[in-house]
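Here is how the chains run, residue by residue.
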Amino acid sequence: MADFIDIKTLVVCYGLCCCTQLVAFILQYRINKSGQGIQWWIASSVLMVFGFFMNSFRDVELLASIAIFIYTASFLLCFLCIYIGLAEFVENKKLLRPVLIIVGVSLVVLSYLAFIEGSIFLRRTLLSFSCSILSLFSAVTVAGGNCKHTLPAKFLKYVFIFNTLWLFAFAVLPWWGGPGIALFTSPSPLAATYFLLMTTSTFWTIGLIMLVSQKLSDQLRSSKQFLESTLNGLSANIALINAEGEIVLVNQAWRNFAAANGMSQDFVSEGVNYLRVCEGVCADNALEANSFAQGIRDVLDGKLETFSMEYGCHSPEQKRWFLGRVNPFCGDGPRMVVVAHEDITERKLAEIALAESNHKLELMTNEDGLTKISNRRHFDAMLAYERNRHIRSGATLSLIMLDIDFFKNYNDTYGHVKGDECLQAVAQAVAQCLNRPTDLAARYGGEEFVCLLPDTDILGAVSLAERIRKAVMQCGIPHAASQVAGVVTVSVGVVSCLCKQSITPELIVQRADEQLYLAKHEGRNCVKFRSDDEVMYAQMHNGNSWGLKVLWNSEYASGNSELDGQHMELISIVNNLLEHVLAEGGALDLNSRFNDVYHIVEKHFNDEEKVLRSSGYPDVDEHVARHKELLQKCAGLLKQDAETPVSPVQMLQCIIHDLVLKHMVKEDGKYFAFLKGIEAPVRPRESVETS
């Protein structure tokens, strides 16, 4: 046998075999780092490779004993690591203590034989016997472990039994038949040992990898079954979508929803492009479907980490709402997302019911129980809010306060039941006069009412106050105990202010109350007002009308008799318009009058431009541009009135505020000093003349 066996070749082959086993175990560990025992098998291969490396130093005299000991010990420790790895993997460590004792005793004896006795025969016998015992224990451990019924476990058991037999034979037969047996004549035992070690180690490596793969496969199968059971147990409709938008996996709830809505299973199952399904949704839900599809794309492209949206998906039989979520799928390979649709109909219906209840409760909280308009509490809150908003915007805020005349006498005459009916009728008359949703009518207390008018100047506020006064009279509620008229009447106070920090809500109410007091003091059934708008110079007429009258102020005389005469003529025309509106002229007649005023103003602007150009006024072009803007605004309002009727108050505000007062006070005042030949003084803002 020595003639054809090259020991060195076998040694090299076995070393390469050990290196191959090491690589195989390392790759298996990278696949399944949590796998028990693989680290020990890697250690066994490392020990064998290291042992063969040290064996190359056995011919060095100083290192011979150490190299021999490490080389032989590496075999023993390799079998120990194989056993420990198996015991951990199959969860059967019953024989671990005997194994450690055998290895410990064997290492002590091997050290004696390597460093003192030096008997190769005894060393090989001890090593073969110890390794055979470890192989037997490995076979027993696999047979009694938790993987004993699997094919890889049975294969490993027989490999270790075979390994036990030949190792035991190599340990016993030389003692039985003596060293003279041909098989055990050097170098035959060493060659056979290497050959059998290569064979059995290759088989047990294959068996160990098969065992790990089998267990991993079982775990994956269990995980998949658990995942499917979990997904199918969820009420949410769940699908896994790949980077192309195709469905990879769906749960049972997803299929059930499709079936319940008459959709083909093939239409919403694996392989279908879900993005195209969303794009093909009917027009009723197209907006939501497209938004959700875009959300899926954004998560797939990494633009969004997650995406969610609530949407309605109503059928003719019922209303339904869903919460759609898109989350990235945490896995290797191309990016995928998990799409979940959860039915939130019950929650949404509860939210709607709660919102309706809250709205009703808010209405009850903000509503006066008797008159069914807003109460004092709501009015106070809205006044504070509007005051703060008007501070920021700079617009004019108006407040109307009115009181039923001689209401105590009414109650004494007709009784409190009739008195309540009177309050209800007056409240409805007041509320019906308000046209804008931003206006607020409220019962302030007793027989007092208030109207909060955001973004309303004095002209609009006083005209509304007069309309309310007349509406109450037109109700025709008999009032025999009144000292003003035979029907119920109201006295009205109006205030308009440019809100500042110093003007508190309490001060606004106080000013309106003062005007109400004046109205009651001056005969009742009338309107009194006060305005902080400095461009509105007007006064109350005596009597029961609200009639505003614009006053000519000598400070606004330019010094040019022609222009001053036209300014006074315009003020006279404005006052005539106010009287006409008071008389409630017809819409066509009013439109005609406003059109006449427009042409008069247009002629005045032309004359004014000629005077300014002839006098050399340097800012004439800027002034002319302002004329054009005002005329365009007025022309637009007239055109609108021809198509859609505009209220007389809106027309008056355009003519009085924009064309006449504001322009005459703010714009024309710039050239007054120039025409007079003096430098224009810096003049403080004037206050409003009121009565």
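What counts and how
- Every chain begins its residue count from 1, and numbering advances along the sequence as written.
- Reporting of local features is limited, given that this is a predicted model, to residues whose pLDDT is at least 70; pairs of side-chain atoms are given and counted only at 80 or more, and all residues count toward the totals for whole chains, interfaces and linings.
- The basis for every side-chain value is the complete set of heavy atoms in the structure, and neither hydrogens nor water enter the calculation.
- Helix and strand definitions here come from DSSP, where helices need a minimum of 4 consecutive H or I residues and strands a minimum of 2 consecutive E residues; each element is numbered from the N-terminal end.
- In this description, contact between two residues means that some pair of their heavy atoms is separated by no more than 4.5 Å.
- Note on method: axes are straight lines fitted to C-alpha atoms, helices fitted across the in-contact stretch only, with angles between N-to-C directions ranging 0 to 180 degrees.
- With respect to orientation, any angle under 35 degrees is reported as roughly parallel, any angle over 145 as roughly antiparallel, any angle of 65 to 115 as roughly perpendicular, and every other angle as oblique.
- As a working rule, the residues Ala, Val, Leu, Ile, Met, Phe, Trp, Tyr, Cys and Pro are called nonpolar, Asp, Glu, Lys and Arg charged, and the rest polar, with Gly in that last group.
- For every residue, the accessible area obtained with a 1.4 Å probe (protein chains only) is divided by the maximum for its type, and the residue is called buried under 20%, exposed over 50%, and partly exposed between those limits.
- In protein, a polar contact requires one atom able to donate a hydrogen and another able to accept it; more generally it is a pair of N or O atoms within 3.5 Å, and residues adjacent in sequence count only if both atoms are side-chain atoms.
- Strand pairing requires that DSSP identify at least two bridges connecting the strands.
- As used here, the arc belongs to the directions running from the helix axis to the C-beta atoms.
- Crossovers are described as right-handed under a simple rule: with the strands pointing away from the observer, the path leading from the first strand over the helix to the second runs clockwise.
- For Phe, Tyr and Trp, where Trp contributes only its six-membered ring, two rings pair if their centres lie within 6.5 Å, and the inter-plane angle classes them as stacked under 30 degrees, edge-to-face over 60, or tilted in between.
- Any Lys NZ or Arg CZ that is within 6 Å of a ring centre and within 35 degrees of that ring's normal is treated as a charge sitting over the ring.
- A pair is scored as a salt bridge if a Lys or Arg side-chain nitrogen falls within 4 Å of a carboxyl oxygen belonging to Asp or Glu.
- When two cysteine sulfur atoms are found within 2.5 Å, that pair is recorded as a disulfide.
- The length a helix should cover is 1.5 Å for every residue beyond the first.

A. Looking closely at the side chain of His-623. On the secondary structure map, His-623 appears in helix α19 (residues 620-643). For His-623, the contacting residues outside a window of four places in its chain are Glu-608, Leu-612, His-663, Glu-667, Asp-668 and Tyr-671.

B. The packing of helix α13 (residues 407-414) against helix α14 (residues 416-433), seen in detail. Their axes nearest at 7 Å, the elements α13 and α14 cross at an angle of 135 degrees. One finds that α13 runs oblique with respect to α14. In this structure, α13 uses Phe-407, Tyr-410, Asn-411 and Tyr-414 to contact α14, whose residues at the interface are His-416, Lys-418, Gly-419, Cys-422 and Leu-423. Among the residues forming the contact of α13 with α14, the class breakdown is five nonpolar, three polar and one charged.

C. Looking closely at the packing of helix α3 (residues 64-89) against helix α4 (residues 96-117). Between α3 and α4, whose axes approach to 9 Å, the crossing angle comes to 170 degrees. Judged by the inter-axis angle, α3 sits roughly antiparallel to α4. Residues Ser-65, Ile-66, Ile-68, Phe-69, Thr-72, Ala-73, Leu-76, Leu-77, Leu-80, Tyr-83 and Ile-84 of α3 pack against Leu-96, Val-99, Leu-100, Val-103, Ser-106, Leu-107, Leu-110, Ser-111, Ala-114 and Phe-115 of α4.

D. Inspection of the environment of Asp-368 at higher detail. Counting through the fold element by element, Asp-368 comes out in the loop between α11 (345-366) and α12 (376-393). Assessed through its relative accessible area of 14%, Asp-368 is described here as buried. In contact with Asp-368, other than residues within four places in its own chain, are Ile-373, Ser-374, Asn-375 and Arg-443. Reaching out from Asp-368, the side chain makes a polar contact with the side chain of Arg-443 at a distance of 3.4 Å.

E. Representation of the sheet that holds strand β5 (residues 337-343). The strand order across the open sheet built from five strands is β2-β1-β5-β4-β3, with neighbouring strands paired in antiparallel fashion. With partners counted over all chains shown, the strands left at the sheet margins are β2 (247-250) and β3 (307-312), one partner each. Ignoring strand direction, the axes of neighbouring strands in this sheet form an average angle of 20 degrees. Helix-sheet contacts for helix α8 (residues 252-260) involve β1 (237-241), β2, β4 (321-328) and β5, and the interaxial angle to β1 is about 110 degrees. Here helix α10 (residues 286-300) sits on the sheet and contacts β1, β3, β4 and β5; the angle it forms with β3, its principal contact strand, is near 170 degrees.

F. Fine view of α13. Buried within α13 we find Phe-407, Tyr-410 and Asn-411. Along the axis of α13, the buried positions cluster into a sector of 95 degrees, meaning they face one direction only. Among the exposed residues of α13, those pointing more than 90 degrees away from its buried face are Lys-408 and Asp-412. Residues of α13 that are buried in the fold lie against β6 (396-404) and α14. In the segment just after α13, Gly-415 is the residue with positive phi, at about 95 degrees.

G. Representation of the sheet that holds β6 within the structure. Strand order in the open sheet formed by five strands is β7-β8-β6-β9-β10, and the pairing between neighbours is mixed. The sheet is open, and its two borders are formed by β7 (440-445) and β10 (527-531), each paired with just one other strand. Across the sheet, the mean angle from the axis of one strand to that of its neighbour is 20 degrees, orientation sign disregarded. Relative to strand β8 (residues 448-453), β6 is paired through six bridges, and the arrangement is antiparallel.

H. Up close: the pairing of β10. Of all five residues in β10, four are buried, a share of seventy percent or more. Here five bridges tie strand β9 (residues 490-498) to β10, and the two strands are oriented parallel to one another. Counted as the bridge partner of Val-494 is Phe-529 from β10. At this point the chain moves from β9, through helix α16 (residues 505-521), to the parallel β10, and the crossover so formed is left-handed.

I. Up close: the packing of aromatic side chains. Under the criterion given, the structure shown has 15 aromatic pairs. Taken together through their ring pairs, the aromatic side chains of Phe-257, Phe-292, Phe-307, Tyr-311 and Phe-322 make up a single cluster. Against the face of Phe-406 rests Arg-524, its NZ or CZ located 4.2 Å from the ring centre.

J. Inspection of the pattern of salt bridges at higher detail. In the structure shown here, the tally under the stated rule is 21 salt bridges. Between Lys-520 and Asp-403 there is a salt bridge whose closest N-O contact spans 2.7 Å. With Lys-520 in helix α16 and Asp-403 in strand β6, this residue pair connects regions lying 117 residues apart in the sequence. Overall, the relative accessible area of 23% leaves Lys-520 in the partly exposed class. Taking the shortest distance from any N to any O, the salt bridge between Asp-412 and Lys-408 comes out at 3.2 Å. One end of the pair, Asp-412, and the other, Lys-408, are both in helix α13, four residues apart, so they sit about a helical turn from each other. The residues Asp-412 and Lys-408 share a single accessibility class, namely exposed. Through salt bridges that share partners, Glu-310, Arg-347, Lys-348 and Glu-351 make up one connected network.

K. Summary view of the state of the cysteines. For the structure shown, the criterion picks out zero disulfides. Cys-497 takes part in no disulfide bond, and the closest cysteine sulfur to it belongs to Cys-499, at a distance of 4.1 Å. Assessed through its relative accessible area of 1%, Cys-497 is described here as buried.

L. α12, seen in detail. Over its 18 residues, α12 runs 25 Å from end to end, which matches the ideal 26 Å to within 8%, given 1.5 Å per residue. Remark: Gly-394 follows α12 within two positions and exhibits a positive phi of approximately 80 degrees.

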